[in-house]
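Working through the structure, step by step
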Amino acid sequence: MALKLPIYMDHNATTPVDPRVLEAMLPYFTEKFGNAASRNHPFGWEAEDGVKLARKQVGDLIGADPKEVIWTSGSTESNNLAIKGVADMYKDKGRHIITAIHEHKATLDPCKRLAKMGYDITWLEPREDGLIYADQVAEAIREDTILVTIMWANNELGTINELPEIGKVCKEKGVLLHTDATQAVGKIPVDVNSAGVDLLSGSAHKIYGPKGAGFLYVRRRKPRVRLTPIIDGGGHERGMRSGTLNVTGIIGLGKACELCRLEMAEESARLSKLRDKLDQGITSQLEHAVINGHPDRRIPQTTNISFPYVEGESMMMAIKEIAVSSGSACTSASLEPSYVLKALGLGDEIAHSSIRFGLGRFTTEEEVDYTIDKVVTAVKKLLELSPLYEMVLEGIDINAIEWGAH
Amino acid sequence: MAYSEKVLSHYETPRNVGSLDKDAKNVGTGIVGAPECGDVMKLQIQVDDSGKIVDAKFKTFGCGSAIASSSLATEWIKGRTLDEAMAIKNTEIVQELSLPPVKIHCSVLAEDAIKSAIHDYQEKNGLAHDHADETEHTKA
């Protein structure tokens, strides 16, 4: 079969909707269009039944009771609701929150807002392997700590933080744990009880569901977690998130979770094999290429590789047939390298030239082979062009040079 | 971001990539930029007895526009006298490559690289360098 270009290798950004998910959603746009909150006629009951099934499908994937699933518009909203909701509800108990510097912006920014409002935030730094460990969390917990929010898997690196150990620490100290599991749900086994998680964010569009649908798991027992809502109104979702339910999106999210639950073992085995082939194919042919983050404790379909002495934007240009995400935001006016990679202690010149490859359900081995080939050819060409690489070959330490500013 | 056809042409088939012997007396080398800013250019010139640039080579770590700017610079200075090369302005590079405002620094760097290579050659050969040539960069 001929390879279709461009190739999509950015499944950590978003995924296509699985045709089976779309099929499940379609009737809810037309004949089953009812408002799930309409209690007094069959149109409403039909929609409510669909939503009920979806709640169970989500619950089954993460080991939660269906009643503990709160629908949202996606993980950004879920994180906001969890963090701000807990902060406000428990403010008389304490005002200290623990998070990490390489979380997603949807966690960092709510925490920054709380800091402005007088909350005290502890920003943990990952170790060199990109992970946050339970002992770091244990050390940071204080008398007035009300919430720990640490993502399950990192979106840029794919590294998996030390869960369930972090959960165990939080349980022992009686502190609530929220985890942004957007990149972990559906990719690796996630169980809220064995991981000691009290709140968990997830998104449909990262797992072959539609955009605009997500959920927040909120524990109901041991302990019963309470939240101050962000959106007030009709009292939907146990009063935690008002607004008419996005029934089609919810149906899609539920179906997507069911497919992940049934196919995860097989899919993750296939994708981790392809991912390892990609890693191996690139690093065996390019001696300076480095895999960022823990090599094993990673979600199966993601890798992040640095190409020292090669600049990121020219790299992206050279592999333009492959849709990937670059560690640097060079394509915008700002030349800021990734804060996640900088958190790992990488120098700017390396963080500037890092690429995240995100494989997915429909990625083929041919696409991986093509990617390896393109990347290796591009990097070799750019190394030929690189004055930095020439200096390295001559034995000059480029970090010892006093570079002029411009 | 969309690149102009000329940038793409220089990026895909850069002219005059390579290195000249930096210790040779008739070679001037300029290295400008910094890795943390995402651009480093090395530009070298070989000058004959009459003061004409007979060869030019470059290597660049940087975005497509930086590669194109330095590639174009080597093309332009070959066959010119040192004075003529010294007179090349970054705005001419901006115009030729249709660089957008966020990429103007690439042209500035290319102009700096030319001047820096010429100064290196002049210093090596005990020629006075004329500071009057170091005019301010024009922001296009």
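In what follows, the structure referred to is the one given above.
Structure report, in brief. Since this is a predicted model, take the numbers as computed values, not measurements.

So, how was this worked out
Residues numbered from 1 in each chain as written. Chains lettered and ligands numbered in written order. Predicted model: local features only at pLDDT ≥ 70, side-chain atom pairs only at ≥ 80, totals over all residues. Heavy atoms only, no water. Helix = DSSP H or I, 4+ residues; strand = E, 2+ residues; numbered from the N terminus. Rg over C-alpha atoms; globule rule 2.2 N^0.38 Å. Buried < 20%, exposed > 50% of the residue type's maximum accessible area, 1.4 Å probe, protein only. Contact = heavy atoms within 4.5 Å. Areas by Shrake-Rupley, 256 points an atom, 1.4 Å probe, with all protein chains shown as cover. Lys, Arg positive; Asp, Glu negative; His and termini not counted. Charge placed at Lys NZ, Arg CZ, Asp CG, Glu CD. Buried area = accessible area lost by both parts, 1.4 Å probe. Salt bridge = Lys/Arg side-chain N within 4 Å of Asp/Glu carboxyl O. Polar contact = N/O pair within 3.5 Å; in protein donor to acceptor, adjacent residues only side chain to side chain. Pairing = 2+ DSSP bridges. Axes fitted to C-alpha atoms, helices over the stretch in contact; angles between N-to-C directions. Parallel < 35°, antiparallel > 145°, perpendicular 65-115°, else oblique. Left-handed = near helix turned anticlockwise from the far one by under 90°. Nonpolar A, V, L, I, M, F, W, Y, C, P; charged D, E, K, R; others polar. Core = buried A, V, L, I, M, F, W, Y, C linked by side-chain atoms within 4.5 Å. Expected span 1.5 Å × (residues − 1).

1. Observations regarding the overall build of chain A
Broken down by element type, chain A carries 12 helices and 13 strands. Whereas a compact globule of 406 residues would reach a radius of gyration of roughly 22 Å, chain A reaches 22 Å, a difference of no more than 12%. For chain A, the spread of C-alpha atoms along the three principal axes comes to 75 × 55 × 35 Å. Out of the 406 residues in chain A, the part that is buried amounts to 58%. Restricting to contacts in chain A with at least 6 residues of sequence separation, those with at least 24 account for 73%. Carbon and sulfur atoms make up 53% of the accessible area of chain A, which totals about 16900 Å². Measuring between centres, the 47 positive side-chain charges of chain A sit 8 Å from its 56 negative side-chain charges.

2. Some thoughts on the interface of chain B and chain A
Across the boundary between the two partners, chain B contributes 31 residues, which contact 28 residues of chain A. Buried area between chain B and chain A, both sides added, is near 2500 Å², and the carbon and sulfur share of it is 65%. Put simply, chain B and chain A have five salt bridges between them. A salt bridge links A:K320 to B:E12; its shortest N-O distance comes to 3.5 Å. Remark: the boundary between chain B and chain A carries 12 residue pairs in polar contact (both at pLDDT 80 or more).

3. Here we look at the sheet that holds strand 8 (residues 214-218) of chain A
Residues and elements named next belong to chain A. The strand order across the open sheet formed by seven strands is 2-8-7-6-5-3-4, and the pairing between neighbours is mixed. Looking at the sheet topology across the chains shown, the edges are occupied by strand 2 (69-72) and strand 4 (120-124). Averaged over all pairs of adjacent strands, the angle between their axes in this sheet comes to 20 degrees, without regard to strand direction. Pairing between strand 3 (residues 96-100) and strand 4: five bridges, direction parallel. For I97, the partnering residue across the bridge sits in strand 4 and is I121. Here helix 2 (residues 42-62) sits on the sheet in contact with strand 2, strand 7 (199-203) and strand 8, set at roughly 115 degrees to strand 2. Lying over the sheet, helix 3 (residues 75-89) contacts strand 2, strand 3, strand 5 (145-149), strand 6 (176-180), strand 7 and strand 8, oriented at roughly 160 degrees with respect to strand 7.

4. Description of the packing of helix 4 (residues 90-97) of chain B against helix 5 (residues 104-124) of chain B
Residues and elements named next belong to chain B. Closest axis-to-axis distance for the helix 4/helix 5 pair is 8 Å, and the angle between their directions is 130 degrees. Relative to helix 5, the element helix 4 lies oblique. Once helix 4 is placed against helix 5, the crossing between them reads as right-handed. Mapping the contact onto sequence places N90, I93 and V94 in helix 4 and I104, S107, V108, A110 and E111 in helix 5. Per-class residue counts for the contact of helix 4 with helix 5 are five nonpolar, two polar and one charged.

5. What to know about the nonpolar core
Counting 75 residues, the largest nonpolar core has A:I282, A:F307, A:M315, B:I45 and B:I77 as its most contacted members. Sort the elements by how many residues they give to this core and helix 5 of chain B lands first, with 10 residues. Those residues within four positions of A:F307 in sequence are excluded, and the remaining contacts are A:I282, A:L286, A:A289, A:M315, A:S353, A:I355, A:V375 and A:V379. Core analysis: the next-biggest nonpolar cluster, separate from the first, contains 57 residues, A:I132, A:V148, A:I150 and A:V169 among them.

6. Considerations on helix 5 of chain B
All names here are of chain B. Between the first and last C-alpha of helix 5 there are 31 Å, a value that for 21 residues agrees with the 30 Å anticipated at 1.5 Å per step. Across the 21 residues of helix 5, 15 count as buried, placing the element largely inside the fold. Of the residues flanking the end of helix 5, it is G126, one or two places downstream, whose phi is positive at about 65 degrees.

7. Some thoughts on the environment of A:H288
Residue and element names in this part refer to chain A. Here H288 is to be found in the loop between helix 7 (247-285) and strand 9 (290-291). With 146 residues separating them in the primary sequence, H288 and R142 have C-alpha atoms 43 Å apart. Excluding residues that lie within four positions of it along the chain, H288 makes contacts with S306, P308, Y309 and Y389.

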